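An overview of the molecular structure
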Amino acid sequence: MTRVIHTGDTHIGYQQYHSQTRREDFLHAFRQVITDACDASVDAVIHAGDLFHDRRPSLTDLLETIDILRDLREADIPFLAVVGNHESTRHGQWLDLFERLGLAERLNGSPRYIDNNLALYGLDHVPPSRREDLEYEFDPHEATHAALVSHGLFTPFAHGDWETEMVLTAASVDFDAMLLGDNHAPGIETVKDTWVTYCGSTERTSATEESARGYNLITFDTEVDIRRRSLETRPFVFISVDLSAGEGTERVCDRLREYDLHDAVVVIEITGDGDSVPPATIETFATDHGALIARVTDRREHPETESIDTDISFADPDAAVEQRIRELDLSTAAHNIDTTIRSDSISDSNVRDTVTEDVSELLTNESLDAFDPSSTTETHASPKTTPTESKQTSSESESESSLSPTDHTTNPSSTNDSLTNHTSSARQTHSTVQNDDPDVNTDPENAPVDGGNAIISDVQGMTDVGESTGAVTKTDSDNTTKNGFGIGSESESESDRQQKSKPEQRSDTATHSRSETDPNADTIEETESSEDDEPDATADQFTMEDF
C-alpha cells in the first residue's frame, strides 16, 4: 500500500489585494499541507505545479519554502513535483534548484518508484500551441500502479483545452491515475478507466473560489482510493445585498452588521433598484468592523453610468486596467511591452532597454505572429520532443476548524453527505468541479527579424510614453521550462546563442482581474492596497542566473 498527498497551485508569494497578510496566508496554507504529510507519515508529497505565483519569487518566499521543505526531508518524505505555468522560467526552474539542494525531485518521463508499488511520471505545463508536437513516450515500469502528474486544463473539466483521452491513448504507459494541477476547483472524473483528479488550490486566489480549499490523500493498494482533506484558511465572507427603491448605503451597512467580519476578506455584491452606493464608504465600514480586506462590486446600471460598458468598482483600479487592456485586443508583443512598462519590479531607468531586448528577441526568432493581435492566445513554438529525451514541462470540501483533516467519501448510502470517497471498484464518473475558474496564462509567439528596426523604433516611442504611467498589474510572458515535452530542451540555434550574450529578458507573472462579462476569465485577481499593506520587496528579487 502506498499513500501520497496530491497538492498543487499553492501560489506562494501571491500578495493578493496588495496585502502582505494575504501573502503570508498562501505560505501558511502550504506549510499546513507539509505538516499534515509529516503527521500522517505519507510515502510522498506530489505537487502538480504552480508552487510559486511568480517566476521571480522574492528571497523571503524562497527561504521560507526551503525551511518548509527541510521539515519534509527530515521526515524522510520525498517532495515530487512538476513545473506549472506561473513559475516557469526561460533559463531554468526553481524546482531544479530545490533538487540540487536535496529538497525536491522533478518528475519526468522515467518512472520514479515508491516502494515498487507506484511508478510516478511527470509532464510539466505545455502551452497549447506546442502540444501538437508532443509524443507521449514514457519509459516502461515494473510497478503495480502508475500515475501521471501534470499541470494544465484537461478535459472533461471546466475550461479544458487539453484532451485527456488523447493523452491516455497516445501514452506508451497505461496509467491508473492522472494527478493534475492548474484548475483551482477540485474534482474527480474517470476517462478510459483512469482516475483523473484535480487537487484544487490551497488558498483562494479569487473571490469566485467560494468552496473550501484543500488537497487529495490518495492510496494505491488493490484499488485506487482518493479522498479530500480540507485546510484551515482565512475566511472569505460573501455578502449579497439586493436594494429596493429608496435603499442605499445604510441598508448595505445593516447587512454587514449581520456577519462576523473579524480578520476576514469580505466580498460584497450589490444588486437591485436602490440608490447609488459609494464602494469606498462600504469598504471603510467593513474594515472598521474588523474585516482584513473588503471589496465591493456594484452590478447595477445607474443612469449616470449607463453609457459605460464595464462593470467595475472605483475601489478596484487594477481590475479596471486589466479589463481595459483586454478590450484593446493587443498583440502578444504589445501585451509584453505594457507589462514591462507597468511592472513594479523594473525600474524606470531600465524600461527602455528591457523592452528593446524583449522585442529584439521576438524578431530574431523568425516569426511576426507575436505582432498580430490574434497572437495573444498563442505561445512559443518548439520542435517535437519526448518525455524520455528530457525532463518534462508540467477544493472543494467542507471547511474544518482545525489542522486535523476529515476524510470525505462518495458512498451513496453514507448518512454524512459531506463525505466523498472514490475507489477504483466503483469506477463511476463523478465531478466536484464548480464553476470556479482556472488560472490560465498565455505566452507570446516568436517573431522574425524582418522589419525589426522599425518595430524597435516604435517600441522605444511606446516606452517613452509608458514610463510616465503607473499601475500594479502584471502579465505572464513566458512559459518555457527546461528539458520537458518540447519545452526549452532543444538544441540551440545560432540566433539563440547570440541572444544569450544579452542580458536576460525581464518578465513578470500574470495577475489578472476577473472580467464581469467573461465568466471564464483568469481567477487570479489584484485589487488596491489595504491598510495592512507593506511594500513589495522588489529589491530582493532575483533570477536563476544568480545561482
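What counts and what doesn't
Residues numbered from 1 in each chain as written. Predicted model: local features only at pLDDT ≥ 70, side-chain atom pairs only at ≥ 80, totals over all residues. Heavy atoms only, no water. UniProt positions renumbered as here; feature names shortened; annotations may be inferred. Phe/Tyr/Trp six-rings, centres within 6.5 Å; stacked < 30°, edge-to-face > 60°. Buried < 20%, exposed > 50% of the residue type's maximum accessible area, 1.4 Å probe, protein only. Helix = DSSP H or I, 4+ residues; strand = E, 2+ residues; numbered from the N terminus. Pairing = 2+ DSSP bridges. Axes fitted to C-alpha atoms, helices over the stretch in contact; angles between N-to-C directions. Contact = heavy atoms within 4.5 Å. Salt bridge = Lys/Arg side-chain N within 4 Å of Asp/Glu carboxyl O. Core = buried A, V, L, I, M, F, W, Y, C linked by side-chain atoms within 4.5 Å. Parallel < 35°, antiparallel > 145°, perpendicular 65-115°, else oblique. Polar contact = N/O pair within 3.5 Å; in protein donor to acceptor, adjacent residues only side chain to side chain.

Going by what an unreviewed UniProt entry lists, the protein chain is known as DNA double-strand break repair protein Mre11 and is assigned to Haloquadratum walsbyi J07HQW1. We quote the UniProt Sequence similarities (unreviewed entry) comment for the protein chain here in full: "Belongs to the MRE11/RAD32 family."

This part covers the packing of aromatic side chains. By the definition in use, this model includes nine aromatic pairs. When the centroid spacing of 4.5 Å and the interplanar angle of 15 degrees are considered together, the rings of Phe154 and Trp162 count as stacked. According to the relative accessible area criterion, Trp162 is buried, its value standing at 1%. Ring centres of Phe236 and Phe238 lie 6.1 Å apart, and the angle between their planes is 35 degrees; on these two criteria the pair is classed as tilted. Take Phe236: its relative accessible area is 10%, and that puts it in the buried class. Among the aromatic residues, those joined into a ring-pair cluster are Tyr121, Phe138 and Phe175.

We now examine helix H8 (residues 332-342). By the criterion of burial, H8 is predominantly enclosed, with 11 of the 11 residues buried. Those residues of H8 that sit buried are Thr332, Ala333, Ala334, His335, Asn336, Ile337, Asp338, Thr339, Thr340, Ile341 and Arg342.

Attention now moves to the sheet that holds strand S15 (residues 293-298). Across the sheet, which stays open at both edges, the three strands sit in the order S13-S14-S15 with parallel pairing between neighbours. Two strands in the sheet have a free side with no partner beyond their single neighbour: strand S13 (236-243) and S15. Between one strand axis and the next, the sheet turns through 15 degrees on average, direction left out of account. Judged from the eight bridges that link them, S13 and strand S14 (residues 265-272) form a sheet pairing that is parallel. Note that in S14 the partner of Phe238 across the bridge is Val267. Against the sheet, helix H5 (residues 249-256) engages S13 and S14, with an angle of about 145 degrees to S13.

Let us now look at the environment of Glu232. Note on placement: Glu232 falls in the loop between strand S12 (224-230) and S13. Of the residues examined, Glu232 reaches a relative accessible area of 33% and is grouped as partly exposed. Taking the C-alpha atoms as reference, Glu232 lies 8.5 Å from Ala212; in sequence the two are 20 residues apart.

Under the counting rule described, the total for this entry stands at 17 salt bridges. Of the charged contacts in the structure, one is a salt bridge between Arg23 and Asp61, with a shortest N-O distance of 2.8 Å. Placement of Arg23 in helix H1 (residues 20-40) and of Asp61 in helix H2 (residues 59-74) is noted, with a sequence separation of 38 residues between them. On the basis of relative accessible area, Arg23 is assigned to the buried category, the value being 12%. Given a relative accessible area of 6%, Asp61 falls into the buried group.

Okay, the sheet that holds strand S5 (residues 112-114) next. Ordered by their spatial adjacency, six strands build an open sheet running S5-S6-S7-S8-S10-S9, and the pairing between neighbours is mixed. Both edges of this open sheet fall to S5 and strand S9 (187-191), since each of them pairs with a single strand only. Averaged over neighbouring strand pairs, the angle between their axes works out to 25 degrees when direction is ignored. Where strand S6 (residues 118-123) and strand S7 (residues 145-151) come together, six bridges link them in parallel fashion. Across the sheet, residue Leu123 finds its bridge partner in S7, namely Ser150.

The subject of this paragraph is the nonpolar core. In terms of nonpolar packing, the biggest core is built from 29 residues, with Ile5, Phe30, Val45, Phe79 and Phe98 touching the most fellow members. Secondary structure elements with two or more residues in this core: H1, H2, strand S3 (79-81), helix H3 (94-100) and strand S11 (214-220). If sequence neighbours within four positions are ignored, Val45 has contacts with Ile5, Thr7, Ile34, Ala37, Leu72, Ile77, Pro78, Phe79 and Leu80.

Axes are the key here: two packed helices are described by the angle between their axes and the distance separating the axes. At a minimum axis distance of 9 Å, the contact between H1 and H2 shows a crossing angle of 10 degrees. Relative to H2, the element H1 is oriented roughly parallel. On the side of H1, the interface is formed by Arg23, Leu27, Phe30, Arg31, Ile34, Ala37 and Cys38, while H2 contributes Asp61, Glu64, Thr65, Ile68, Leu69, Asp71 and Leu72.

Attention now goes to the pairing of S9. The element S9 is extensively covered by neighbouring structure, given that five of its five residues are classed as buried. On S9, burial covers both faces: Gly187, Glu189 and Val191 on one face and Ile188 and Thr190 on the other are all buried. One ladder, built from five bridges, connects S9 with strand S10 (residues 194-198); its direction is antiparallel. Across the sheet, the residue bridging to Thr190 is Trp195, located in S10. In this antiparallel pair of consecutive strands, S9 and S10, the connection spans two residues, and Lys192 shows a positive phi of 50 degrees.

Next up on the list: unusual backbone geometry. At the junction of Thr155 and Pro156, the peptide bond is cis and its omega measures out at 5 degrees in the coordinates. Relative to the helices and strands, Pro156 resides in the loop between S7 and helix H4 (164-170). Phi is positive for Lys192, close to 50 degrees, though the residue is something other than glycine. Here Lys192 is to be found in the loop between S9 and S10.

Let us now look at the environment of Asp9. With respect to the element layout, Asp9 can be found in the loop between strand S1 (2-7) and H1. For Asp9, a relative accessible area of 0% translates into the label buried. Asp9 sits 196 residues away from Thr205 along the chain, and the two C-alpha atoms are 9.5 Å apart. A polar contact is formed between the side chain of Asp9 and the backbone nitrogen of Asp182, at a distance of 2.7 Å.

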